[in-house]
Amino acid sequence: MRGPGTIPNWQSIGDWLSDQGLEVGDSGWGLYVATERSGGEEAVDFWTDAHERGLAFSNPRAFPTTIVNALAGEISRTLGIDGPNYTFVGLDSALLEASKQARVDLDEARVPGALVVQIDESPGQRHVKWVVLS
Amino acid sequence: MIVTGYGLTTALGNDPEQVFHRLISGQNAARPWDDLNDFPISIACRIDDPAYPVGAGRGRALALDAVNQALCSAGQLDGNGGVFVGSTMGESAGFEENALGGEHAISEIVASTFADHIADEVYPSARRVTYGTACAAGNYAIGNAAAAIRRGELDWAIAGGVEPFSKIAQLGFARLRAMTPDVCRPFDRNRRGMQVAEGAAFVFLESDARVRDRGAEPLARITGLGLSCDAFHPTAPRKDARGVVKAVRDAMAHSGASDVGWISAHGTGTGPSDAAEVLALGEVFSQIPPVSSIKGALGHAMGAAAAIEAVVAIMAMERNVIPANTNLEDPEFDLDFVLEPREIKVDRILSCAYGFGGLNSALVLERA
């Protein structure tokens, strides 16, 4: 896999991947993200903030970031990946399943290309690896 | 890819017969909750059963209950098995408690805890796959479990979705102005939004050979899955519905079929999503079959929703009756909406589910 890179969690992961020089081809590419805990830190932050501000004043724009697949959504928007969009959750198994699904989709001609991204999270940071399969 | 068992627990009941009966009789699970009085909206579709714990661990209990129902006639589990689970957030209450000083281990509250718990309880050597794919997650789990069996990787699989009640979601959707303050009315001219729900639903899938060898009763087949991404907006659908069109077309092509007898719509009751869904169905089908959404009765159980709808679809085929689009009084769109439960023999059903992040999914289920 390419990388790894470490980025602060406020930075766009889509922009970071774009800066890596990867090229996403035709329409219909698949995205296969593997993560252990994406959205977890954001969920805690959203709830902490809601209790500090008051529920009626919580930040609505922060809520969608609490969803596990928020990063996959951001990557797809930045890179224009509009085919199957997966987020696998787990420790070691998630990357295995992401890679396996990408290979199956390529072999069955469901996608013309596949971007597999592994995201490990630690407080305030994301460690990212990626590979393009075609 | 044959379904031989199913189970579910929802705010309308905690077994399939009870839920289907209440759906057909027009009951609605939504009501206000005292512990949500400080929230912008206090109405939700929650399971009021002391058998399920409150707080972190609730999702695991809901999931295992539905799985055990699905395994009632599964026989001895052996060979290569898998557990495929979809969820949106995991044990949301665990994150809420950690924000207020709790110390739940992350491994016990992330979405993969559900597949791990199910596998540990029923078949520890099972392959464990967790889809964090928002409100489409149930279709991802069921469709991909069926595909893994079709490819010969597995003999059987437990597949579905689970979402314990999430106060984060109850607040977040309200703050996004996506929730109705009163009644959820999918496809109605006066629809005002969705209602947050909780639940779990699972099917037991087997290979044709395993079903034949043990003489099991086939209940339905999973024949098609289509997936796409709008790549457009974190929460809003594309107005041209291009992504939904692709997902539905791919599911139909995958199944080899050109028509269905009923469309179990995503139909959340939010303005843009319902409109995009109708537009997409018109693009794909020259004659749109009967359409209804059950979210007016059950609310939106997010990561569990598609799996709940898959179980209801199977039951509709078994019983030759399709549930109505609860609370639809003034349809905004000129479709054959199911306004009352309709007695009709349906051999193939399309079940649609979409989610945050621009996810679109469509699952085709057929009479066995």
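Below you will find a few notes about this structure.

About the thresholds
- Residues numbered from 1 in each chain as written.
- Chains lettered and ligands numbered in written order.
- Predicted model: local features only at pLDDT ≥ 70, side-chain atom pairs only at ≥ 80, totals over all residues.
- Heavy atoms only, no water.
- Helix = DSSP H or I, 4+ residues; strand = E, 2+ residues; numbered from the N terminus.
- Rg over C-alpha atoms; globule rule 2.2 N^0.38 Å.
- Contact = heavy atoms within 4.5 Å.
- Areas by Shrake-Rupley, 256 points an atom, 1.4 Å probe, with all protein chains shown as cover.
- Lys, Arg positive; Asp, Glu negative; His and termini not counted.
- Charge placed at Lys NZ, Arg CZ, Asp CG, Glu CD.
- Buried < 20%, exposed > 50% of the residue type's maximum accessible area, 1.4 Å probe, protein only.
- Pairing = 2+ DSSP bridges.
- Expected span 1.5 Å × (residues − 1).
- Salt bridge = Lys/Arg side-chain N within 4 Å of Asp/Glu carboxyl O.
- Buried area = accessible area lost by both parts, 1.4 Å probe.
- Polar contact = N/O pair within 3.5 Å; in protein donor to acceptor, adjacent residues only side chain to side chain.
- Nonpolar A, V, L, I, M, F, W, Y, C, P; charged D, E, K, R; others polar.
- Axes fitted to C-alpha atoms, helices over the stretch in contact; angles between N-to-C directions.
- Parallel < 35°, antiparallel > 145°, perpendicular 65-115°, else oblique.
- Core = buried A, V, L, I, M, F, W, Y, C linked by side-chain atoms within 4.5 Å.

A tally of regular secondary structure across chain A gives four helices and five strands. Helices and strands in chain A line up, N terminus first, as β-α-β-α-α-β-α-β-β. What you see for chain A is a C-alpha radius of gyration of 15 Å, in line with the 14 Å of a compact globule of 134 residues. Taking the principal axes of its C-alpha atoms as reference, chain A extends roughly 50 × 25 × 25 Å. Across chain A, the fraction of contacts at a sequence separation of at least 24, relative to all contacts at a separation of at least 6, is 71%. Of the roughly 5,600 Å² of accessible surface on chain A, 47% is carried by carbon and sulfur atoms. Of the side chains in chain A, 10 bear a positive and 19 a negative charge, and the two mean positions are spaced by 1 Å.

A few words on the pairing of strand β8 (residues 220-229) of chain B. Residues and elements named next belong to chain B. In terms of burial, β8 is largely enclosed, as nine of its ten residues are buried. The sheet contact formed by strand β1 (residues 2-10) and β8 spans two bridges and is antiparallel. Residue Ile-2 lies in a different strand from β8, and its bridge partner there is Arg-221. Inspection of the sheet shows β8 paired to strand β14 (residues 359-367) by nine bridges, in the antiparallel sense. Among the inter-strand pairings, Leu-227 is bridged to a residue of β14, identified as Ser-361.

All names here are of chain B. Relative to the 20 Å expected for 14 residues at 1.5 Å per residue, helix α5 (residues 137-150) spans 20 Å between its end C-alpha atoms, a close match to the ideal helical length. In terms of burial, α5 is a largely internal element, 13 of the 14 residues being buried. One or two positions beyond α5, positive phi appears at Gly-152, with a value near 85°.

With that settled, the discussion passes to the pattern of salt bridges. All names here are of chain B. A complete count under the given rule lists 35 salt bridges over all chains for this structure. Residue Arg-191 is joined to Glu-332 by a salt bridge in which the shortest nitrogen-to-oxygen separation is 2.6 Å. Residue Arg-191 is located in the loop between α6 (167-175) and β7 (199-206), and its partner Glu-332 is located in the loop between β11 (321-322) and β12 (342-343); the two are separated by 141 residues in the primary sequence. Since its relative accessible area comes to 35%, Glu-332 is described here as partly exposed. The closest approach of N and O atoms between Arg-210 and Glu-206, which form a salt bridge, is 2.6 Å. On the basis of relative accessible area, Arg-210 is assigned to the buried category, the value being 11%. A residue is classified by how much of its surface remains accessible, and Glu-206, at 0% relative accessible area, is buried.

Turning our attention to the interface of chain A and chain B. Chain A puts 42 residues into the contact, and the matching count from chain B is 49 residues. Together, the buried faces of chain A and chain B total about 3,800 Å²; carbon and sulfur atoms form 65% of this surface. For the chain A face of the interface with chain B, the top three residues by lost area are Trp47(A), Phe63(A) and Arg77(A), together amounting to 18%. Scanning the region where chain A abuts chain B turns up two salt bridges. Between Glu97(A) and Arg127(B) there is a salt bridge whose closest N-O contact spans 2.9 Å. Along the contact surface separating chain A from chain B lie 13 residue pairs in polar contact (both at pLDDT 80 or more). Listed by contribution, the elements that provide at least two residues to the side of chain A that touches chain B are α2 (40-53), α3 (70-79), β3 (85-89) and α4 (93-107) of chain A. Its residues assigned to classes, the side of chain A that touches chain B comprises 19 nonpolar, 15 polar and eight charged.

Take the packing of helix α1 (residues 16-24) of chain B against helix α11 (residues 305-319) of chain B next. Residues and elements named next belong to chain B. Direction vectors running N to C along α1 and α11 enclose 75°, while the axes themselves pass 11 Å from each other. The orientation of α1 relative to α11 falls into the category roughly perpendicular. Contacts from Pro-16, Glu-17, Phe-20 and Leu-23 of α1 reach α11 at Val-312, Met-315, Ala-316 and Arg-319. Residues of the contact of α1 with α11, tallied by class, amount to six nonpolar, no polar and two charged.

A few words on the nonpolar core. Side chains of nonpolar character tend, in soluble globular proteins, to be buried together. Residue and element names in this part refer to chain B. Among the nonpolar cores identified, the biggest contains 104 residues, and Phe-84, Phe-173, Val-203, Leu-205 and Ile-308 are the most heavily contacted of them. By residue number, the principal contributor to this core is α11, which donates eleven residues. Listed in part, the 27 residues of the second largest apolar core include Phe-187, Val-248, Val-291 and Leu-350.

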